[in-house]
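Results of the structural survey
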Amino acid sequence: MMTTAKICGLSTPETLDAAIAGGASHVGFVFFAPSPRNLSRDRAAQLAARVPGHVARVGVMVNPDDALVEQAIAAGQLEVLQLHDTPPARAAAIKARSGLAIWAAVAVRTRADLALAETFGGVADRILYDAKTPPGAALPGGMGVRFDWHLLDGFRHPLPWALSGGLDPLNVAEAVAVTRATLVDVSSGVESAPGIKDATKIRAFLEVVRDL
Ligand SMILES: O=C(O)c1ccccc1NCC(=O)[C@H](O)[C@H](O)COP(=O)(O)O
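Below, the structure is looked at part by part. (Residues numbered from 1 in each chain as written. Predicted model: local features only at pLDDT ≥ 70, side-chain atom pairs only at ≥ 80, totals over all residues.)

For strand β4 (residues 80-84), the buried fraction is high: four of the five residues fall into the buried class. Where strand β3 (residues 56-62) meets β4, five bridges bridge the pair, whose relative direction is parallel. The partner of Val62 across the bridge, within β4, is His84. Considered for its hand, the β-α-β crossover made up of β3, helix α3 (residues 66-76) and β4 is right-handed. Bridge analysis of β4 against strand β5 (residues 101-108) gives four bridges, and the strand direction is parallel. When the bridges of β5 are listed, Gln82 appears paired with Trp103. Viewed along the sheet, the connection from β4 through helix α4 (residues 88-98) into β5 turns out right-handed. (Buried ≥ 20, exposed ≤ 12 C-beta atoms within 10 Å, placed from the backbone. Helix = DSSP H or I, 4+ residues; strand = E, 2+ residues; numbered from the N terminus. Pairing = 2+ DSSP bridges. Right-handed = clockwise from strand over helix to strand, strands pointing away.)

Looking only at helix α6 (residues 172-179), the buried set comprises Val172, Ala175 and Val176. Each buried residue of α6 lies within a common arc of 95° when the element is viewed along its axis, so the set occupies one face. Residues of α6 that are exposed and point over 90 degrees away from its buried face: Glu174 and Ala177. At its buried positions, α6 is contacted by β7 (161-163), β8 (183-186) and α7 (199-210). (Arc of directions from axis to C-beta. Contact = placed C-beta atoms within 7 Å.)

Now the structure itself:
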């Protein structure tokens, strides 16, 4: 079983380059104004131009309107749209309009939360199981919160999926051993402060994933 990694919330050329050189399969660009990782269109375009063809550009958005989706796709040369807090019908409309692959984030705290994944059948191309952030939190993701990976034990995944939420270089091997995830996603766990990616931590994370 081979596992690949998405490094999310990149905002500088240096850390983007570290993710690419380290073997990331996907890089994530955040388009959500309250996030410390939010990208301007100019910055997204600058970063997108550095990404080689074998690495997929993922745009991360929170129930976006059509204007934001269009601007983000154009600026970030996006190939995948990762949608948080976006109902299935709206995700379907975004997919129909954009023609891009859709990853639906499913926020998990309890096993009951997994039921949401089923509702994206026929709509999403992948489910991203992410940890549910605390009530009232500013962000629905990217907060370094993890969920009990054993909640996925025996769950019949309705779609291809990825594991996210509170991963870091020290716990990702155990997370994959428990869940058998073939794609993992990280943001805070490779940062030195919220929104500040750390190239050394990115390399460390990707080295662990490569050696799994
Ligand atoms: O990262 C953000 O700032 C963000 C903002 C709004 C919606 C989603 C966001 N991040 C989504 C991601 O893909 C993160 O990588 C994922 O939630 C895991 O984050 P972390 O637990 O910090 O590794």
